[in-house]
Amino acid sequence: MLDGVSLDQLRTFIAAADEGSFSAAGRKLRRAQSVVSQTMANLEGQLRVTLFDRSARYPVLTDAGKALLGEAKTVVHGMDSFKARARTLSEGLEPELSVAVDVMFPMSVLTAAVGAFKEQFPTTPLRMYVEALGAVVQPVLDGVCQIGIVGSLPVVPEGTRSEPLAQVPMVTVVAPSHPLASLTGPLRSTEMERHVQLVLTDRTTLSAGRSYGVLAAQVWRLADLGAKHAFLKAGFGWGHMPREMVQQDLDGGTLVQLSLAIHQPSTPSIAMHAAYRSDAPPGPAGRWFIARLQEANISA
């Protein structure tokens, strides 16, 4: 009986659980409510498990239903990825590769990978977007970009898969004229809270209600890392920056690195990942580009 369980039944089960009713699941799947109800009844009969408690106005997942819902999603997502991968292989090389890159990713590593890509795939156009936080993932979700190089948004949304790339070293910096620059030793959070912190803001709603690495009570939010860099050098506040981007400033004394007591021995690095939609995995060119970034040596 279990061998007869179909992907259609599992998709109907997932829709009914996610939508909260058989009628809503029917609307989502463009089927009659009676068809959804019968599909669920058949599935429960095959599994010999009651998935929904139907005693109330709306069906409610039983404990068994809750336990099996995650497994059902894993099976369906896995099959979607399998079919998408097969389609990619049958279609061959992508006609174009579009990538959204987190602004925190080292440009030297990115340009080296792009240069190598140009030699490896001379006839494949490459389209790049440089964004921050959710604006790196949103083009992937919308199908505008095949790959997102994600870092400043720690969690990728459901429906995407990610592969680790590298750790990007970060430093906390201020201008030498800033009051924090004159203090010695690891600085406590109470001291940092008294001064303006400069942070990147999200152009999308994907990180709404969340703050990453924010310590100060007064925050200035900037949508551009270049603007944040300029504001830091002007002494408007303190902030976290990719080491590669400010190394020349540190060497020249136009920025000063701070040591934070809560970030010992150093400011945490950012974990970069390559993200893509589960139903649209990268093709040969995209897979090559991800592998090239994984091979890159990002030094601390």
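The model shown is predicted, which means the values in this text are computed figures rather than measured ones. (Residues numbered from 1 in each chain as written. Predicted model: local features only at pLDDT ≥ 70, side-chain atom pairs only at ≥ 80, totals over all residues. Heavy atoms only, no water.)

**Things to note about the pattern of salt bridges**
- Here the structure, examined in full by the defined rule, presents nine salt bridges.
- The closest approach of N and O atoms between Arg54 and Glu44, which form a salt bridge, is 2.9 Å. With Arg54 in the loop between strand E1 (52–53) and strand E2 (60–61) and Glu44 in helix H3 (residues 33–47), the pair connects residues that are ten residues apart, well separated along the chain.
- Notably, a salt bridge pairs Arg127 with Glu96, separated by 2.7 Å at the nearest N-O pair. Highlighted residues: Arg127 in strand E4 (residues 126–131) and Glu96 in the loop between helix H4 (63–91) and strand E3 (97–102), separated in sequence by 31 residues.
- By relative accessible area, which is 30% here, Arg127 ends up partly exposed.
- Judged by relative accessible area, which is 30%, Glu96 ranks as partly exposed. (Salt bridge = Lys/Arg side-chain N within 4 Å of Asp/Glu carboxyl O. Helix = DSSP H or I, 4+ residues; strand = E, 2+ residues; numbered from the N terminus. Buried < 20%, exposed > 50% of the residue type's maximum accessible area, 1.4 Å probe, protein only.)

**A few points about the packing of aromatic side chains**
- A full pass over the atoms with the stated rule returns nine aromatic pairs.
- Taking the centre distance of 5.9 Å and the plane angle of 90° together, the rings of Phe117 and Phe289 count as edge-to-face. Taken as a pair, Phe117 in helix H5 (residues 107–120) and Phe289 in helix H10 (residues 284–295) lie far apart in primary sequence, 172 residues in all.
- Classification of Phe117 as buried rests on a relative accessible area of 1%.
- The class for Phe289 is buried, based on a relative accessible area of 0%. (Phe/Tyr/Trp six-rings, centres within 6.5 Å; stacked < 30°, edge-to-face > 60°.)

**Details of helix H1 (residues 7–19)**
- Look at H1: 18 Å from first C-alpha to last across 13 residues, which is about the 18 Å you get at 1.5 Å a residue.
- By the burial criterion, the buried members of H1 are Gln9, Leu10, Thr12, Phe13, Ile14, Ala15, Ala16 and Ala17.
- Looking at the residues trailing H1, positive phi occurs at Gly20, about 90°. (Expected span 1.5 Å × (residues − 1).)

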